[in-house]
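Geometric and topological summary
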Amino acid sequence: MSQRISIDKLQEGLQTKRIGRSIFLSREVGSTNDWAKELAELGAEEGTVAIAETQTAGHGRLGKEWFSPRGGLWFSVILRPEMSPSEAIGLVFVAGLAVAEVLREKYDLKVETKWPNDVLVNGKKVCGILAEMNTKGRAVKFVVLGFGVNANFLVEKVFPRSLKEVATSLEKELGQKVRLEELFKGLLERLGSRYDECAERGLAFLLADWKKYAGFLGRRVEVRIGNERLSGVALDVDARGALVLRLEDGATKHVLAGDVSLEL
Ligand code: BTN
């Protein structure tokens, strides 16, 4: 199966109103999120997508490096939501839910979501989402949702040792490569329908479905917030998207940003 991506195949039969109607494709770029932010600053319309076969400076949350070898699905979507900045933070859950649903429906995989932006298969990360927002006053100018799906490569061959334990790929889980263009279209279509639903019915409605995949709820977790570490039980994700933790001393804490790992 060819690893070359073509815009025609990405758009052929695409069933969305706006998302993916305009696509920028590069064989290699620093980061599709950075590229999409530049396009958004230049006035790119809602739904514009930047996609690359490889990234040389892909990045994740909290400034982490994101390995982006050929064979993966690395793309970013520009949204211009009519939402307040605090509502727009919730779009990362819309994206995570879209990925989880598509991976389960298309490939029948055992998919989970991990707060706030990871999608796991068999307990290992297969996709990360990076949501970046640009605001003016109290208005959202744009949001860029960056999707990194480990697809057609084997992590043990291409990832550094530190990631092999925690990451997986679709090829590894399925024992075969997937059709990248089909996966891409499925993701855009589900993102589009879930995004519209979020705008109409609100984040709480979407979160209820996101939580159906959230295997970490009810489990003991460690949350890293900068240099601070909190241990406790992950009770819930509240209506703002904050993680609700029950700490060792019984107190409840709502955490808006951090990195969760499951305690064994
Ligand atoms: C994370 O898990 O921390 C988020 C990872 C997001 C990676 C994707 S790959 C496409 C887009 N471009 C980037 O530089 N990052 C996102």
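Throughout what follows, the structure given in this document is the object of discussion. (Residues numbered from 1 in each chain as written. Predicted model: local features only at pLDDT ≥ 70, side-chain atom pairs only at ≥ 80, totals over all residues. Heavy atoms only, no water.)

Turning next to unusual backbone geometry. The omega torsion across Trp115 and Pro116 is -5°, close enough to zero to call that bond cis. The topology assignment puts Pro116 in the loop between strand S4 (111-114) and strand S5 (118-121). For Asp108, which is not a glycine, the phi torsion comes out positive at approximately 60°. Within the secondary structure, Asp108 is located in the loop between helix H4 (91-107) and S4. Positive phi outside glycine occurs at Asn122, with the angle close to 50°. For Asn122, the position within the fold is in the loop between S5 and strand S6 (124-136). The partly exposed category is assigned to Asn122, whose relative accessible area is 45%. (Helix = DSSP H or I, 4+ residues; strand = E, 2+ residues; numbered from the N terminus. Buried < 20%, exposed > 50% of the residue type's maximum accessible area, 1.4 Å probe, protein only.)

One recurring pattern in soluble globular proteins: nonpolar side chains tend to sit buried together. Grouped together as the largest cluster of nonpolar side chains are 66 residues, with contacts concentrated most on Phe75, Leu170, Leu183 and Leu243. With twelve residues, the top contributor of residues to this core is H4. Shared between two domains, this core takes at least three residues from each, and those domains are domain 1 (7-213) and domain 2 (220-262). Among residues more than four places away in sequence, those in contact with Leu183 are Leu73, Val102, Leu103, Lys106, Tyr107, Val149, Leu170 and Val178. Core analysis: the next-biggest nonpolar cluster, separate from the first, contains eleven residues, Ala44, Ala50, Ile78 and Val144 among them. (Core = buried A, V, L, I, M, F, W, Y, C linked by side-chain atoms within 4.5 Å. Domains from an automatic or database assignment. Contact = heavy atoms within 4.5 Å.)

Let us look at helix H9 (residues 203-211). Turning to H9, its buried residues number three or more, namely Leu203, Leu206, Leu207, Asp209 and Trp210. Buried positions in H9, seen along its axis, are confined to an arc of 160° and lie on one side of it. Where H9 is buried, its residues meet H4, S4, helix H8 (180-201) and strand S9 (228-237). (Arc of directions from axis to C-beta.)

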